Amino acid sequence: MTPRSIVLDAGFIQAVADADAPGHADAVRVYRELVDGYVARTNRLFALSTVLAAHPTATRRGLFAPVEVLYVSRRHRSDSARVGAVVSADMALVLVVMDRAKIRCVATLGHDFDAFDLEIITPAPMPAAGPAPGATGEAPQEPSPTI
Amino acid sequence: MGAPAGSTTIAPDRRSLAVVVPADPWIMVRRAGFALFAVVYVWWFFVKGLIIDRISVAISVGIFIMIGHLGRPVRRWAWLVFDVLCYSAMWLAYEESRGWADRAGFPLQVEAPRNIDRFLFFGTDPNVWMQHHFYHRFTIYWYDKVASAAYFTHFIFPVIALAILWVTSHREWARFMKRFATLLFVACTMFVLLPTVPPWMAADPKHSYQILEPLARHTGRGFVSMGLKGFVNTWQTALDWGNAIAAMPSLHASFALFVPAFFLPRIKPIWLKALVLTFPLIMAASLVYFGEHYVVDALAGWIIVGLSFLFWGWFERHQRRVRATRTYTALDDAAPGRAAPSDAVAGASIPDGTATA
């Protein structure tokens, strides 16, 4: 079976790497699952070289060891300037690189990619666990954050 | 496993990337180049013959790959140069090893492979039996053409697979090359340690062995009868280190299994998988029929292919687990108190990992 190629966008990478980042727990949860898929050879994980370069070598070789690098070239940058959609420069670059690498799946915490014909992996709501809220007399729990 | 952590969302009114992202202007150039290459290759095939000498093959593949790299970033070209150097070094080592086999002076295997074949076929020599039953000196049957065509695919099949992988996926090319280089390395080692006389030579009255009934060596007959020929440039003579006593293992049989085996996981229909796997059988039968190899040579080649795939499959799984372990460790260090998914690391129970909608 051919593994599914998935780009981890900058926000997702940042949320995984930074314990204080918003959405860190959700991002880690998704990332663990993606890495499980990597071990099972159902997933290939990618990130742009510009995104990974923002992290120390130890992080790249440790936390992001399964992530392959999509190198950003000068041509990618010049093509991203001609992207026909109202998106940020970083977003345009990701779209160009994904298009050139023929990758159609992205793991993200935001909604930037919603407008495009892509498979988007976002954290799912946490499943409810234990007795129903209030059944034990405790205060109802806040729902887990969903992005 | 519980609910997946991620979900796949599908938003309405989505726009295709092809609409948003400007097209790569070099795509048309590459497509035109490939079309031109195909026309010239086909013309060459029918007019001058199938390119089979290694240097001509390397040149044609080099042109194909360069077309595939037109307009690619400098980094891709740098990889290409590195890959070409590795690839060339591998083939040079292979060619040179055939010369080492002559100089090493290990005892020549003459009767052993014949005896193994006789043991496997209850006292019959398969080469002799096949030629007695199917070979007719003045008549070329359909199976002569099939066998001959299968024989000549050896010179182009692996190279075409390599070239296509090179252009489409560097990672898959590397996976292919690791297995391929291992196969060649083991085969060359065996050529040196176990120089083996092929059946046609063992039967040839010009040599002193004559341990088999005379065999016709009619490899190209069917090919020529179809109006085709092989193209061998004169520079091949300058590199003619060919080792005639490199029968064990059969690289023809090995390559015929190697290429289908590599692409087999991508083929879904069972019937198509079965059909593809008949090719190595046709190749092995052809080699025996032509007197080029014993059956045991083909079997040895297949075993090496299997071992090469097993080793690299294990190694790549191991590498993935090592990388995943580094990730899990980093995540657990960042969030102490959380249990590591050791089952996934050990591979005992690996979830499919796909985030579903």
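The rules behind these values
- Residues numbered from 1 in each chain as written.
- Chains lettered and ligands numbered in written order.
- Predicted model: local features only at pLDDT ≥ 70, side-chain atom pairs only at ≥ 80, totals over all residues.
- UniProt positions renumbered as here; feature names shortened; annotations may be inferred.
- Helix = DSSP H or I, 4+ residues; strand = E, 2+ residues; numbered from the N terminus.
- Buried ≥ 20, exposed ≤ 12 C-beta atoms within 10 Å, placed from the backbone.
- Contact = placed C-beta atoms within 7 Å.
- Pairing = 2+ DSSP bridges.
- Axes fitted to C-alpha atoms, helices over the stretch in contact; angles between N-to-C directions.
- Left-handed = near helix turned anticlockwise from the far one by under 90°.
- Nonpolar A, V, L, I, M, F, W, Y, C, P; charged D, E, K, R; others polar.
- Arc of directions from axis to C-beta.
- Expected span 1.5 Å × (residues − 1).
- pLDDT = per-residue confidence, 0-100.
- Core = buried A, V, L, I, M, F, W, Y, C linked by C-beta atoms within 7 Å.

In its Subcellular location (unreviewed entry) section, UniProt records this for chain B: "Membrane".

S.K.: Can you lay out the overall build of chain B for me, pointing to particular residues and giving the numbers?
M.R.: Helices and strands together make up the secondary structure of chain B, namely 16 helices and three strands. Looking at chain B as a whole, 29% of its 357 residues are labelled buried. Of the contacts made within chain B by residues no fewer than 6 positions apart, 80% connect residues no fewer than 24 positions apart.

S.K.: A description of the overall build of chain A should follow, citing residues and the corresponding values.
M.R.: Helix and strand counts for chain A come out as six helices and five strands. Going residue by residue from the N terminus, the α and β elements of chain A occur as β-α-α-β-α-α-β-α-α-β-β. Evaluated residue by residue, chain A yields a buried proportion of 44% over its 147 residues. Taking the contacts inside chain A whose residues are at least 6 apart along the sequence as the reference set, 54% of them involve residues at least 24 apart.

S.K.: Talk me through unusual backbone geometry; I want residue IDs and the actual numbers.
M.R.: Residue Pro249 of chain B follows Met248 of chain B across a cis peptide bond; omega there is 0°. Of note, Pro249 of chain B is situated in the loop between helix H12 (235-238) and helix H13 (251-263). At Lys102 of chain A, a position not held by glycine, the phi torsion is positive, near 55°. Its identity is not glycine, yet Gln210 of chain B carries a phi of approximately 45°, on the positive side. As for its position among the elements, Gln210 of chain B is in the loop between helix H10 (199-203) and helix H11 (221-225). The partly exposed category is assigned to Gln210 of chain B, around which 13 C-beta atoms lie within 10 Å.

S.K.: Tell me about the UniProt feature "transmembrane region" (unreviewed entry) in chain B, residues and numbers included.
M.R.: All names here are of chain B. Sequence positions flagged by UniProt for "transmembrane region" (unreviewed entry) are, in local numbering, residues 28-46, 52-70, 77-94, 149-168, 180-201, 241-263, 270-290 and 296-315. In this annotation, residues 77-94 is assigned 100% helix and 0% strand; the end-to-end C-alpha distance for the span is 25 Å. In this annotation, residues 270-290 is assigned 95% helix and 0% strand; the end-to-end C-alpha distance for the span is 31 Å.

S.K.: Tell me what's going on with the pairing of strand S1 (residues 4-8) of chain A, and back it up with residues and numbers.
M.R.: Residue and element names in this part refer to chain A. Note: S1 against strand S2 (residues 43-48), four bridges, orientation parallel. Bridge pairing links Ile6 to Leu45 in S2. Of the pairings in the sheet, the one linking S1 to strand S4 (residues 105-107) comprises two bridges and is parallel in character. Bridging from a neighbouring strand, Leu8 pairs with Ala107 of S4.

S.K.: Requested: an account of the packing of helix H8 (residues 157-168) of chain B against helix H9 (residues 170-193) of chain B, with residues and values cited.
M.R.: Residue and element names in this part refer to chain B. Remark: H8 packs on H9, axes separated minimally by 6 Å, with the N-to-C direction vectors making an angle of 145°. Remark: the crossing between H8 and H9 carries left-handed chirality. Between H8 and H9, the contacting residues are Ala161, Leu162, Leu165 and Trp166 on the first element and Glu172, Trp173 and Phe176 on the second. Classifying every residue of the contact of H8 with H9 by side-chain character gives six nonpolar, no polar and one charged.

S.K.: Could you give an account of helix H6 (residues 126-134) of chain B, with specific residues and numbers?
M.R.: Residue and element names in this part refer to chain B. Taken together, the buried positions of H6 are occupied by Pro126, Asn127 and Gln131. On an axial view of H6, the arc spanned by its buried residues comes to 125°, and they lie on one face. Away from the buried face of H6 by more than 90 degrees, exposed residues His132 and His133 are located. Residues of H6 that are buried sit in contact with helix H5 (111-120), H10, helix H14 (270-289) and helix H15 (295-334).

S.K.: Requested: an account of the environment of Gln131 of chain B, with residues and values cited.
M.R.: Residue and element names in this part refer to chain B. Take Gln131: it is sitting in helix H6. Using a count of 23 C-beta atoms within 10 Å as the deciding quantity, one classes Gln131 as buried. Considering only alpha carbons, one finds Gln131 and Pro205, 74 residues apart in sequence, at a separation of 17 Å. In this view, Gln131 contacts Leu215, Ala216, Tyr289 and Gly291; residues no more than four positions away in its chain are not counted.

S.K.: So what's going on with helix H3 (residues 54-68) of chain B? Residues and values would help.
M.R.: All names here are of chain B. For H3, with 15 residues, the first-to-last C-alpha span of 21 Å sits near the 21 Å given by 1.5 Å per residue. Among all positions in H3, only Val57, Ser60, Phe64 and Gly68 are buried. Along the long axis of H3, the arc covered by the buried residues comes to 90°, so they all point the same way. Elements in contact with the buried residues of H3: helix H2 (26-47), strand S2 (50-51) and H8.

S.K.: An account of the pairing of S2 of chain A is needed here, citing residue identities and associated values.
M.R.: Along any regular strand, the residues point their side chains to alternate faces of the sheet. All names here are of chain A. By the criterion of burial, S2 is predominantly enclosed, with six of the six residues buried. Of the two faces of S2, the one carrying Asn43, Leu45 and Ala47 and the one carrying Arg44, Phe46 and Leu48 are both buried. In the sheet, S2 pairs with strand S3 (residues 67-70) via four bridges, with the strands oriented parallel. Pairing of Phe46 across the sheet is with Glu68, part of S3.

S.K.: Residues and numbers for the confidence of the model for chain A, please.
M.R.: Reading predicted coordinates in detail is not appropriate for stretches of low pLDDT. Here chain A averages 84 in pLDDT, and 84% of its residues register 70 or above. Counting contacts from residues 129-147 of chain A, a segment whose pLDDT is below 50, to residues more than four positions away or on other chains yields 14 contacts.

S.K.: A description of the confidence of the model for chain B should follow, citing residues and the corresponding values.
M.R.: All names here are of chain B. Across chain B, pLDDT averages 83, with 85% of residues at or above 70. No element of chain B has a lower mean pLDDT than helix H16 (residues 342-346), at 40, and none a higher one than H15, at 95. Across residues 234-240, confidence stays below pLDDT 50; counting only partners more than four residues off in sequence or on other chains, it has four contacts. Predicted complex, confidence summary: ipTM 0.81, pTM 0.80.

S.K.: Which residues make up the nonpolar core, and what values do they have?
M.R.: In a soluble, globular protein the nonpolar side chains are often hidden away together inside. Residues and elements named next belong to chain B. Residues Leu183, Ala187, Ala253, Phe258 and Leu287 are the most contacted members of the largest nonpolar core, which totals 55 residues. It is H9 that contributes the most residues to this core, nine residues altogether. In this view, Phe258 contacts Pro158, Phe180, Leu183 and Val305; residues no more than four positions away in its chain are not counted.

S.K.: Describe the environment of Leu63 of chain A, naming the residues involved and giving the relevant values.
M.R.: Secondary-structure assignment places Leu63 of chain A in the loop between helix H4 (57-61) and S3. The exposure class assigned to Leu63 of chain A is buried, which follows from the 25 C-beta atoms found within 10 Å. On a C-alpha basis, the gap between Leu63 of chain A and Ala53 of chain A in space is 14 Å, while along the polypeptide they are ten residues apart. Leaving out residues up to four positions away in the same chain, Leu63 of chain A has contacts with Val16 and Ala17 of chain A together with Thr327, Ala330 and Leu331 of chain B.

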